[in-house]
Structures are given as structure tokens and as C-alpha cells.
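# Overview (structure and organization)
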Amino acid sequence: MTTIAESPDVATFTDEAVAWLSGVASPRRSTAWGHGSDSVAVFENWSPEDERRHTAEISEYERRKFDAGWGPLDWPAEYGGRGLPLSHVLAFRRAEERFDVPRRTEMFSVTQQLVAPTVEKWGTPEQRETYVRALLRTDLIACQLFSETEAGSDLAAVRTRAVRDDDGGWVLDGHKVWTSGATVADIGVAVCRTDTDVPKHQGLTVFLVPMDSPGVTVRPIRQMTGGTSFNEVYLENVRLTDGHRLGPEGKGWQVALTVLAAERLDGGNLGLANADQAVELARHLGRPLTEIEQDRVADLIVHSYVQRITAMRVASVVVAGRDPGPEASVGKLLATDTMSRTSAVVRRLLGSDLVSDTGAWGTFAWTDHVLGAPGYRIAGGTDEIQHNIIAERVLGLPREPRA
Ligand SMILES: Cc1cc2nc3c(=O)[nH]c(=O)nc-3n(C[C@H](O)[C@H](O)[C@H](O)COP(=O)(O)OP(=O)(O)OC[C@H]3O[C@@H](n4cnc5c(N)ncnc54)[C@H](O)[C@@H]3O)c2cc1C
């Protein structure tokens, strides 16, 4: 069977990509086992200052890439893209894996893969003009102001209020929590309640909130990794013009679903790069592996292959122009499973040395992986919610009662 990557067109494209990458980056020092890993760093252990510095470094590379025509490859030219199919996007990612380019953090996939397409879909012509290109080039970084203390899995329960003022603008009041990257974000996509007299899914509206607006306060939350990648965000008497409303009033649920669907799609590749690194660690440990270690490493290889194949299956459904539906939930579950298995392998291989592995920028800190992985069972829709989706939409089991 000829894979997408083997078609000559993609091969020529890959050669051109490698030629450009050779001019801006050195070849990656570590040749990880496997191929086609994701290039998103998911386990940061940073203070807000570190996060600001790394975000600036990554943005610099993303802008260079954008300006050279290697940015949003599958987007139309008006947004800086080339209108190429997903196969070429994946080919470029694979080429990038071979170079020491800055690994994009979660904020970059939120900005470029989640928020930019949502603004393109729901935005007014002015909003598309103002935001889409700027998000894709990472001149603006976006965060998701979705979750609240009483609204996570049940997102439609949000209590943050947006009320019309006398000038046709809006006043926002509420408290968001677990907001990744709020300290570096320029805009927040906020799901707010604008109507309390209708069923909860119908009373929501989404706003693009400039994070430097008066009344926005960001408080970092210390995580068990030691880092502070997510935050509480207080919105107190935040005044916005109606031009900050994204999508029609009362259609916030549909706008939020656009973001969440993109998030599920994006989640299927998570953790593969770290799994590859764990296999590399086993290969270069400097001592023979015990039988049980060999068994665990083999198990990790098999599981990460299944995850890769599932991610390719999801990608091929998208290439065919269809909604991947529950396949994306299977992909997300496999991703968190791979992360747990990676942690188990690394704990076994490193033993007590694990605690002294603090890593450095550009390399892995295994402590960050082991402490950060459990959070991904919660982020982007918990494992239980993914199980519900598969139970209902794949297995055809009865739907759980809904209010
Ligand atoms: C690393 C990380 C990054 C995050 N980044 C962001 C961000 O940038 N922006 C943002 O808005 N939010 C973010 N979140 C928050 C995340 O979206 C929520 O934590 C998640 O949706 C779960 O909501 P909750 O924490 O309120 O838990 P709850 O929804 O209260 O769930 C508690 C438990 O009950 C289970 N449960 C809930 N409902 C059901 C059900 N119907 N059936 C079966 N079990 C159920 C859940 O699986 C879970 O085990 C992030 C979270 C993490 C861990």
C-alpha cells in the first residue's frame, strides 16, 4: 500500500522543506526512535517569567516560518497559507522533527489550531481581518477562558455573566480557572452567560477578551510539577465593545464546540515524542535491560504505534472532508494511555535517579513528564467524558440522563 507520505508530490515537498529547515536550524542531535512524532512540548515546568521567555523564542521561529511561506500550509493564501492538503502539513511536521527547532508549547496549538479556525468560522469580516493572520503568525497568542470552578465537563454551566451596557457594548464579570497560558496570552476566548431565562446551552455567548483590558486579573496556579502553566482569571467589570463578540448572541455553545472539536483532533498526537524519547533512553541506558524492562518498553512501542495509526486514521478522515467524530476520542484516550506507560517505563529505567533529572530547555525533564502526565487525563475533556462519547456514539449504549 502506498502511504500519503510516499507520494512523489509529498516527497518533493519534503525535500524543499528540509532545504529550508537546514538554513534556519541544525539537525536534531538526538535521533529518536520512530517517526512522525508530534512537535508539541506538553510538560513544561516553568515560572511565568520562563513561560514568557520561551513563548517569545518560539514565536520568533513561528514568524520566520510564516514569512518564508512554511506557516499555515493548509490555509488559503489570504491568511499566509498555500492551500495544501493535510498530507503536506504532516510531511512538514515530520521534516521539522529532524531539526532542533523550538518545540511549540500547548499555547501555540491553542492559538493556531484551535482559536484561529474558530475566528475564521464565526468571526465578522473585521474580526477575521484583525485576528486570523495575527493568530497564525503568533503575533497574538490566545488562551481559552472556558472552565470555571462549577463548569468543567459540564461547560454549559458557566456563570461568568456578560451584560449589555447602554452603549451597545458588554460588561463581563466572573471567574475562570485552569486557564493555560493566561500569563502570556494577548486575547482570551471567553464563554459567558448572556441569558439566564433559556435552557443553559442556549444562553451562552463567546467574547474575544483582550487580556490587558482593565478588570482582567491573572493569578498563576502552582502545579505539582512545580510550574505554573495554568491560572485563575478574574473578570471584574470588564468593558468590551460589541465588536469583541464572536458569533451571534446566544450561539456561544456552537462557537465553543468549534474550539473543542479542534482540541480533540489536536490531542491524538500528544505524548508520542516523549514515548520515543523513553525508548531512546532504554537503548542508551548503558546497561542491559532486565526482562521486565524489555517487556515494558516493547509494550510502550506497541501502544504508541497504535496511537500513531489512530491519529493517521483521524487525519485521513479529515483529509476526506469528514468529521472524525468518536475516532478523535479514541485518539485522546490512547494519547493519555501512552503518557502513563511512558511514565511507568521511565520510572523503572531510572529508579531513584528520576528525581535528579531536571532537564533543560530543548531536552526532556523526566520528572516533568511523570508529574505532568496525569493532568492530561483531565485536560481537553476527561477520560470519563471520552468514554461516554465512545459508549454512546460507537457502542450505541443508552445515553446518560441529561438535564
Ligand atoms: C493540564 C490542564 C490544562 C487545562 N487548560 C485549560 C484551559 O486552557 N482553559 C480552560 O478553560 N480549561 C482548562 N483546563 C480545565 C479542563 O478543561 C477541566 O479540568 C476539565 O474539563 C474537567 O473539568 P473539572 O476539572 O471541572 O472536573 P469535573 O467536570 O468536575 O469532573 C470531575 C470528575 O467527574 C467526572 N465526570 C464529570 N462529568 C461526568 C460524566 N458526565 N460522566 C462520567 N464522569 C464524569 C470527570 O471525568 C472527573 O473525573 C485544563 C485542565 C488541565 C488538567
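Analysis parameters
Residues numbered from 1 in each chain as written. Predicted model: local features only at pLDDT ≥ 70, side-chain atom pairs only at ≥ 80, totals over all residues. Axes fitted to C-alpha atoms, helices over the stretch in contact; angles between N-to-C directions. Helix = DSSP H or I, 4+ residues; strand = E, 2+ residues; numbered from the N terminus. Parallel < 35°, antiparallel > 145°, perpendicular 65-115°, else oblique. Left-handed = near helix turned anticlockwise from the far one by under 90°. Contact = placed C-beta atoms within 7 Å. Nonpolar A, V, L, I, M, F, W, Y, C, P; charged D, E, K, R; others polar. Expected span 1.5 Å × (residues − 1). Buried ≥ 20, exposed ≤ 12 C-beta atoms within 10 Å, placed from the backbone. Near = placed C-beta within 6 Å. Domains from an automatic or database assignment.

Closest axis-to-axis distance for the helix α4 (residues 106-122)/helix α5 (residues 125-136) pair is 9 Å, and the angle between their directions is 165 degrees. One way to sum up the angle between α4 and α5 is to call them roughly antiparallel. Once α4 is placed against α5, the crossing between them reads as left-handed. Between α4 and α5, the residues in contact are Thr111, Gln112, Val115, Ala116, Val119 and Glu120 and Gln127, Arg128, Tyr131, Val132, Leu135 and Leu136, respectively. Along the lines of polarity and charge, the residues of the contact of α4 with α5 split into 7 nonpolar, 3 polar and 2 charged.

Its 12 residues place the ends of helix α7 (residues 272-283) 17 Å apart at the C-alpha level, agreeing with the 16 Å of an ideal helix rising 1.5 Å per residue. Leu272, Ala273, Asn274, Ala275, Asp276, Gln277, Ala278 and Ala282 are the residues of α7 that are buried.

Here the focus is the site of the ligand. Not every one of the 18 residues close to the ligand is listed here, only the nearest: Phe146, Gly152, Ser153, Thr382 and Glu384. Among the secondary structure elements, those contributing two or more residues to the shell around the ligand are β3 (142-145), β5 (170-180) and α11 (383-393). Considering only residue class, the shell around the ligand consists of 7 nonpolar, 9 polar and 2 charged. Composition of the shell around the ligand by domain shows at least three residues from each of domain 2 (142-250) and domain 3 (268-393).

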